[in-house]
Amino acid sequence: MLKSKTFVKKTRAGGVMKIVREHYLRDDIWCGSEICAECKQESAVLQTDASIESDLCSYPHYVIPDTNVVLHQIDVLEDPVIRNVIILQTVLQEVRHRSAPVYKRLKDIIHEKEKHFYTFTNEHHRETFIEREPGESANDRNDRAIREAAKWYSQHLRKAESEADGLKVVLLTNDQGNKQKAEESGLLVYRFEEYIKSLLGNPELVDRLALSNDDKHDITSSKVLFPEHLPLSRIQAGIKSGTFLQGTFRASRDNYLEATVFVQGEGEDSTEVLIQGLQNLNRAVYQDLVAVQLLPRSQWVAPSSVVLQDEGAAKDDNEDDKEEDEEKSLRISEAAEAARKPTGKIVGIIKRNWRPFCGMLNLSQIKESTRHLFTPADRRIPRIRIETRQASTLAGQRIMVAIDGWPKHSRYPNGHFVRSLGNAGDKETEQEVLLLEHDIPHQAFSQAVLSFLPKMPWAITPEDMGRREDLRLLTVCSVDPPGCTDIDDALHCRELDNGNLEVGVHIADVSHFIRPGNAMDKEAASRGTTVYLCGKRIDMVPELLSSNLCSLRSNVERLAFSCIWEMNHKAEIIKTRFTKSVIKSKASLTYAEAQMMIDDSTKNDDITKSLRGLNKLAKVLKRKRIENGALTLSSLEVRFHIDSETHDPIDLQTKELMETNSMVEEFMLLANISVARKIYDEFPDCAMLRKHPAPPPSNYDVLLKAAKSKDVEIHTDSAKALADSLDVARVDGFPYFNTLLRILATRCMMQAVYFCSGMDSDFHHYGLASAIYTHFTSPIRRYADIIVHRLLAVAIAADSTYPDLMDKQKQSALSINLNYRHKMSQYAQRASVAFHTQLFFKSRGILNEEGFVLFVRKNAIIVLIPKFGLEGTVFFDAKDKAGPNLHFDEEGPTLKVEQHTFHIFDMVKVTISLDASNIQHQKIRMSLIEPVISGVSVPAPDVEPPAKKPKLDR
């Protein structure tokens, strides 16, 4: 049966357009229940035995949740206990429009066979479809459609009741009006909370309930603590008129009473508005999209240098005297006019950016209380008040909590318990927290993704060979870090008859296995990158590809994408070509093995000759690159030696780089540049490229001051000027000085980013001094490289194109996600190194080490320990006792402590130990041994002090 929907739509030009849509209604949409003989379904989803222990519904029943229940109570619906649920098409469509994350979670539940969630297409069923009545809102129509479908199910299943003992359908809603109308129609209906509380066998589900608006008032006091948020209509009008600004809320890690709102302007312009004080912060949470109103200039303030953690373990809403004192301490009355920043207050929230947060529970001081404060691991998130009956079990565990709302009379937001992650301090638990907090997708690959893997045993087919160049006889080898199983790249070098050299970079042909738009492709695009943590790798593509079929292991045939140059002995490129190929690597070497082969004069086999040729050319390429102004910067990377049984770090040392590291890097850079030129020539509008913006001059301030303190001049007008001045920066008797300068220079740099060539005009890569650059050489671990492979394949007619590849808007959106994933993976790696460093020092007690001052602060020095690649802070002001006389000179910068003055790069001796007094935020603590300053420095310890008892705190 055919229905047609007609509606009018306003066009961009201001005209009105009539739209007619056809809507088909059918009789052959099945109910999905095992007990039904009438529907001719092949495989039913809803079970005959649909019993659950409930004191409301003592009979077997199916559940139909309405849209708001799904949107707000998804944490409960995900629990294995909740089964046999009918998800109506009306609900699914509404959820999809209102929340993408909840929609994805709901789809995942529907795909889980053991959950027995059935999607019923009620909008296309002849007996359940309803028209919207004149004057009826879309919301009311959808509520009516849900009631209509519930009614149909009740009647339909009644016919089949002989098979099942009085099986019923229960509608769950939190909408009072909807519930009343459903009861009037004779439907079985309950509030969601009342149904969950009736499940006698599963009291823990009650903790996961998101608070409904009716409950939110129970937890709060009657005193209004915050200004009312303006309605969205007022906010939009205010933004349009310029009264309000729209921006992203960024809370401070160090000061819970201060934040900034980042307002994106036209083009590259952006401003930051400072927000100070609880009232002005007005219940905004980190990363929310907010509306902010600027205060009059006379009320502008300077950012505070005070460190304030919210210490209120059991602080209640009416205890605000301390808060007022703290707010007063923020306002520096004599703040220089120049230091004051545009200051504002938050008037409304445009979009919340809440996610479930990891952290720990602070048990209430009140005995038998079910209300407790939760302290998130991320210091930028406020504490959250939750209700739970399992507090004593959860104490000492890492848990996840979601925020439900933040009423104006509550000091903290209200939320609910989601799940426990395990005991705090456990390696597995802490790794899980680290992945969740950095938003790293790390769940096992779904069946849908795995279904696109090639069937084993896999072999290269004659058709594959016919379309590729056969390079199996070439002396190809790979050079990688020890233990590497995802080998992306391999190299060869041989002499040609004309005296020139042929050099090839062969990259795993991942795009052969991952086809555009399938589930595996979408998953890889979402993950964006493989994440390497200490002792663990979270793959971007399933292991069968990453460690086997795509990995260019030795002595097996593999599909590759090859970039082959003809070069003369001066490393000048005479010819470049790209081809899909088949290779058979002759050796998988580590950097150290390759280096030993090159250096061993008795060796003269084909692999060694190839390596020597590559190494010679690489040195010439590197020299040319540096002459062009490429930067050689330094960052201390550490390597942990992990105990094979306990998996704890037993040794920690900085990574040593060899000539062979540089050799591989030079050819990877060259391949990336050659491919970038090719894809940009072919596709000037939609090439996926990578750029590295030049830092703004102010970024270099700390570097210039540091160099000046040792009478060394650094020029920063261009990358070449910086590179040249770093090369000659030397201080007699201080060999480590140049490395320290390069470490500081690295901190001044901007992040390199992916972008789409049709959406940008500045392609320059500052660090590599290259006019154009991309990523081609690591498709096993970076999704950007897969896109580049696809573009290159189309450019050389080795593969067909597809619409999204040529769509610059889609490419641009993709590069935004890739940049985000890339950044989060770097942060996660750093956090993993920090956690393993803590484990290392936990077992070591107190160590004495030499280090260098990297930065000087008002009340502290930041010290770098080269041996461990470790940075730590030596504080000079103690909370509980009078501190030494401090004088900070910003110009130097120098810090005078009593009679001793500290400069950047001073050598110091410190003790290093782990401070585990705050179990959630353990940190490496450093104390000064030398220079000896009376009352400040500590004697060099010989014995370990007794371990402090861990406490949970902010």
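By convention here, each chain's residues receive numbers from 1 onward along its written sequence. Restriction of local features to residues with pLDDT of at least 70 applies here, the model being predicted, together with a cutoff of 80 or more for giving and counting side-chain atom pairs; totals for whole chains, interfaces and linings are based on all residues. Side-chain calculation: all heavy atoms of the structure are included, whereas hydrogens and water are not.

(A) Expanded view of the pattern of salt bridges. When a carboxyl oxygen of Asp or Glu is within 4 Å of a side-chain nitrogen of Lys or Arg, the pair counts as a salt bridge. Evaluation of the coordinates by the stated rule reveals 45 salt bridges. Salt-bridge contacts for Arg 468 lead to Asp 509; the nearest nitrogen and oxygen are separated by 2.5 Å. One end of the pair, Arg 468, is in the loop between helix H15 (462-466) and strand E18 (469-470); the other, Asp 509, is in the loop between strand E21 (501-508) and helix H16 (510-513), with 41 residues separating them in the sequence. Just as Arg 468 is buried, Asp 509 falls in that class too. Put simply, DSSP marks the helices as runs of H or I at least four residues long and the strands as runs of E at least two long, and each gets a number from the N terminus on. Throughout this description, buried means an accessible area under 20% of the type-specific maximum (1.4 Å probe, protein chains only), exposed means over 50%, and partly exposed covers the range between.

(B) Structural detail: the environment of Met 400. Within the secondary structure, Met 400 sits in strand E16 (residues 397-405). Along the backbone, Met 400 and Pro 376 are 24 residues apart, and their C-alpha atoms lie at a distance of 8.7 Å. Residues are treated as being in contact if the distance between any of their heavy atoms lies within 4.5 Å. Not counting chain neighbours up to four residues away, the residues in contact with Met 400 comprise Pro 356, Phe 357, Cys 358, His 416, Phe 417, Val 418, Arg 419, Leu 421 and Leu 436.

(C) Structural detail: the sheet that holds strand E37 (residues 907-915). We call two strands paired when DSSP finds no fewer than two bridges between them. Within the open sheet, the 5 strands sit side by side as E33-E32-E31-E37-E38. Their pairing is antiparallel. Taken across any chain shown, the strands that pair with only one partner, and hence form the sheet edges, are strand E33 (870-875) and strand E38 (923-930). The mean angle between the axes of side-by-side strands here comes to 45°, regardless of whether they run parallel or antiparallel. Looking at chain direction, strand E31 (residues 847-856) and E37 are connected through 6 bridges and run antiparallel. Counted as the bridge partner of Glu 849 is Val 910 from E37. Contacts from helix H24 (residues 737-748) reach E31, strand E32 (860-865) and E33, with the element oriented near 55° to E31. To obtain each axis, a line is fitted to C-alpha atoms, and for helices this fit is confined to the stretch in contact; angles are then taken between N-to-C directions over 0 to 180 degrees.

(D) Here's a closer look at the packing of helix H25 (residues 783-795) against helix H26 (residues 808-842). Look at H25 against H26: their axes get within 10 Å of each other, and the N-to-C directions meet at 150°. Comparing their axes, H26 and H25 come out roughly antiparallel. For the pair H25 and H26, contact is made by Tyr 783, Ala 784, Ile 787 and Leu 791 and by Gln 811, Leu 814 and Leu 818, respectively. Basically, the charged four are Asp, Glu, Lys and Arg, the nonpolar ten are Ala, Val, Leu, Ile, Met, Phe, Trp, Tyr, Cys and Pro, and anything else, Gly included, counts as polar. Residue composition of the contact of H25 with H26, grouped by class: 6 nonpolar, 1 polar and no charged. For classification purposes, angles smaller than 35 degrees are called roughly parallel, those larger than 145 roughly antiparallel, those between 65 and 115 roughly perpendicular, and all remaining angles oblique.

(E) Structural context of the sheet that holds strand E15 (residues 384-387). The strand order around the closed barrel formed by 5 strands is E13-E14-E15-E17-E16, and the pairing between neighbours is mixed. When strand polarity is set aside, the average angle formed by the axes of neighbouring strands in this sheet is 55°. Pairing analysis gives 2 bridges linking E15 to strand E17 (residues 414-423), with the strands arranged parallel. Looking at the pairing, Arg 385 lines up with Asn 414 of E17. Along the sheet face, helix H13 (residues 427-437) touches strand E13 (357-362), E16 and E17 and points at about 140° away from the line of E17.

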